[in-house]
Amino acid sequence: NAGVTQTPKFQVLKTGQSMTLQCAQDMNHEYMSWYRQDPGMGLRLIHYSVGAGITDQGEVPNGYNVSRSTTEDFPLRLLSAAPSQTSVYFCASSYTVRGEAFFGQGTRLTVV
Amino acid sequence: KNEVEQSPQNLTAQEGEFITINCSYSVGISALHWLQQHPGGGIVSLFMLSSGKKKHGRLIATINIQEKHSSLHITASHPRDSAVYICAGWGYTDKLIFGTGTRLQVFP
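Figured I'd write up the structure that's included with this text. (Residues numbered from 1 in each chain as written. Chains lettered and ligands numbered in written order. Predicted model: local features only at pLDDT ≥ 70, side-chain atom pairs only at ≥ 80, totals over all residues. Heavy atoms only, no water.)

### Looking at the packing of aromatic side chains
Part 1: The tally for this structure, following the rule as stated, stands at five aromatic pairs over all chains.
Part 2: With a centroid separation of 5.2 Å and 80 degrees between ring planes, the pair formed by Tyr31(A) and Trp90(B) is classed as edge-to-face. Taken together, the positions of Tyr31(A) in strand β4 (residues 31-38) and Trp90(B) in strand β9 (residues 83-91) put the pair across two chains.
Part 3: Note on Trp90(B): relative accessible area 0%, which makes it buried.
Part 4: Arranged with centres 6.2 Å apart and planes meeting at 40 degrees, the rings of Tyr35(A) and Phe103(A) form a pair that is tilted. Of this pair, Tyr35(A) sits in strand β4 while Phe103(A) sits in strand β10 (residues 102-103), placing them 68 residues apart in sequence. As far as the burial class goes, Tyr35(A) and Phe103(A) line up, both buried.
Part 5: By the ring-pair criterion, three or more aromatic residues cluster together here, those being Tyr31(A), Tyr48(A) and Trp90(B).
Part 6: When the ring centre of Phe74(A) is taken as origin, the NZ or CZ atom of Arg68(A), which lies over that ring, is 6.0 Å away. (Phe/Tyr/Trp six-rings, centres within 6.5 Å; stacked < 30°, edge-to-face > 60°. Helix = DSSP H or I, 4+ residues; strand = E, 2+ residues; numbered from the N terminus. Buried < 20%, exposed > 50% of the residue type's maximum accessible area, 1.4 Å probe, protein only. Lys NZ or Arg CZ within 6 Å of the ring centre and 35° of its normal.)

Written as structure tokens, this is what we have:
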């Protein structure tokens, strides 16, 4: 098993550009989630999904879209990047809600 | 005030010392993770526990759900233990609630 795979690892965007951060897991996990990590603030939940076809907003959803068309994939879309979205993004999955969470390696995003 | 508080925020130790990191939470949780993050690295789950104690090598985690407190202990610390340690609880809203982390540096 590859676990949770995030791509890309690093990305620089210009303000206003769009991009998709990819997250895939091969453990047949139902629960997937996206977090951003900023200095001094800990990890904050952006969006999460309890299964294919079901998504919900977290603590900081503005500026981000998600979809969950398959169990394996949970992409995070930035429609119009802003400097405030400069952060490190982590995807995580667990077999069920409240199960042991597995994290991807992170994507370091800089918006200039 | 954060729903999950960790202490200390920063910790330095000499190799071989016994280390304790504490996590207290003010909301109901069903289980708690201890996570490790090396500088510039990904996040790894060390433990998930909902009661009692778990041990893995030199790492021991304990939790008291009633007192809303968990501790992570590292015995015989080593420089490779230098990392940020994060506790995160599963709240009853189906979301992980994170502490802000404890930065540990172990010097040889």
